[in-house]
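The residues making up each chain are set out below.
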Amino acid sequence: MSKPCRLPALHFLVPGSINRPTGGSRYDREIAEALIGEGHSVSVIELAGHFPGPDDEAATAVAEALAAIKDGSRVIVDGLVLGGLPEAFEPHAQRLELIALIHHPLCLESGLSTQTAEALRSSEQQALKYCTKVITTSEHTRSQLATLGLYEGEATAVEPGCAPAALSTGGPTERIELICIGSITPRKGQDVLVEALAQLTTAAPIWHCQLIGSTELAPGFAKAITQQIEQAGLTDRISLRGALDAAALSHACTTADCLILPSRYEGYGMVITEAIAHGLPVITTTAGALANTLPTDAGLAVSPDNAAALSDAIQTFLSDQSLQQRLRDGALQARRRLTPWSARGQAFSAALTNG
């Protein structure tokens, strides 16, 4: 049961449905629920349109949402919404307390032209000037705001929470089951993973890999991944499953032997923590915050955008049962140290109050 509401009301602007199958939306949803548990009244405003583009529909949705909020209100704005629309927030900066929630700098998204990346950097820098507080989802992102010159003030990092989940029992005994969870987009690096899997030697034990994640955010890239799998002759080894509901995703984690996250950049990498919650070993990259997100002894990390190094790491994992057990033991140890969302909600509430 929620605590009685005793704190100032909060409005929370999010891109699209807060139930979208992305790490960012999961963070927004869990934090909103945790803040309610802390005694806040939270009104989530789900915005139509494409972010961080933005398109006309998005710009209209933001303008209408802000105009409907009463003077003096506190408004948390997801960074995807904020960064591309500084002109929408400027007229409200004096009458509303705008609080930025930054998952990762928009200009660090993969696949951007130099011109687009600079435009996003400039846009996000301007938008952050209208905010009274800035909260990031990792220490790495907090430091990046300063490094990139996006924000000169003090930001607060509140990392994602997680609770132990059902333990993985592994895949079928005759093969090793690998899963890769993340929207099928260039930043998540599924193309690197397919290339790496294609390089495995015939000496590797039998394996199967599921690519789990929405194909709607970058449909052209998702189509290219399908073609890449076909051209590599791996249609019987790699399954492109799309986004899964919570029950199906939990089943995938509990019947897997290892999570692979080949990202080119992550502001945190929630999927790693969620894999640890299932006691799953992890193979990932050192991109962005991932070097710090992966617990010691729970997985292997290689340089990003390096299919050969990733293939070697996967080959080593597949072929070495003692390594598999050591990494599983490491994941189980890390699982015991997970921080619940309720504690993250307390930290987020404190960040709203302090300063």
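Being a predicted model, the structure only gives us computed values, none of them experimental. (Residues numbered from 1 in each chain as written. Predicted model: local features only at pLDDT ≥ 70, side-chain atom pairs only at ≥ 80, totals over all residues. Heavy atoms only, no water.)

**Concerning the overall build of the protein chain**
Next, step 1: A tally of regular secondary structure across the protein chain gives 14 helices and twelve strands.
Next, step 2: Here the C-alpha radius of gyration of the protein chain, 21 Å, is about what a compact globule of 355 residues would show, namely 20 Å.
Next, step 3: With respect to the principal axes defined by its C-alpha atoms, the protein chain has extents near 65 × 45 × 35 Å.
Next, step 4: Out of the 355 residues belonging to the protein chain, those deemed buried represent 52%.
Next, step 5: Of the contacts formed within the protein chain by residues at least 6 apart in sequence, a portion of 72% connects residues at least 24 apart.
Next, step 6: Separation between the mean location of the 25 positive side-chain charges and that of the 37 negative ones in the protein chain comes to 6 Å. (Helix = DSSP H or I, 4+ residues; strand = E, 2+ residues; numbered from the N terminus. Rg over C-alpha atoms; globule rule 2.2 N^0.38 Å. Buried < 20%, exposed > 50% of the residue type's maximum accessible area, 1.4 Å probe, protein only. Contact = heavy atoms within 4.5 Å. Lys, Arg positive; Asp, Glu negative; His and termini not counted. Charge placed at Lys NZ, Arg CZ, Asp CG, Glu CD.)

**With respect to the pairing of strand β11 (residues 282-285)**
Next, step 1: With burial as the criterion, each face of β11 is covered, one bearing V282 and T284 and the other bearing I283 and T285.
Next, step 2: Here strand β10 (residues 258-261) pairs with β11 via three bridges, running parallel. In the sheet register, L261 faces β11, and the bridge partner there is T284.
Next, step 3: As paired elements, β11 and strand β12 (residues 299-302) share four bridges and run parallel to each other. If you follow V282 over to β12, its bridge partner there is G299. (Pairing = 2+ DSSP bridges.)

**Structural notes on the sheet that holds β11**
Next, step 1: Spatially, the six strands line up as an open sheet ordered β9-β8-β7-β10-β11-β12, and their pairing is parallel. Either end of the sheet is taken by a strand with one partner, and the two such strands are β9 (238-242) and β12. Ignoring strand direction, the axes of neighbouring strands in this sheet form an average angle of 20°.
Next, step 2: Alignment of strand β7 (residues 176-181) against β10, held across two bridges, turns out to be parallel. Considered in β10, the bridge of L178 is made with C258.
Next, step 3: Contacts from helix α10 (residues 270-277) reach β7, β10 and β11, with the element oriented near 175° to β10. (Axes fitted to C-alpha atoms, helices over the stretch in contact; angles between N-to-C directions.)

**Brief notes about the pattern of salt bridges**
Oppositely charged side chains are able to pair whenever their charged atoms sit close together.
Next, step 1: With the rule as written, the count across this model stands at 14 salt bridges.
Next, step 2: A salt bridge links E30 to R26; its shortest N-O distance comes to 2.8 Å. Of the two residues, E30 and R26 both sit in helix α1 (residues 23-37), four residues apart, roughly one turn of that helix.
Next, step 3: What makes E30 buried here is its relative accessible area of 16%.
Next, step 4: Here K133 ties to E97 by a salt bridge, and the two come within 3.2 Å at their closest N and O atoms. Of this pair, K133 sits in strand β5 (residues 133-136) while E97 is found in strand β4 (residues 97-102), placing the two residues 36 residues apart along the sequence.
Next, step 5: Residue class for K133 comes out buried when judged on its relative accessible area of 13%.
Next, step 6: Judged by relative accessible area, which is 22%, E97 ranks as partly exposed. (Salt bridge = Lys/Arg side-chain N within 4 Å of Asp/Glu carboxyl O.)

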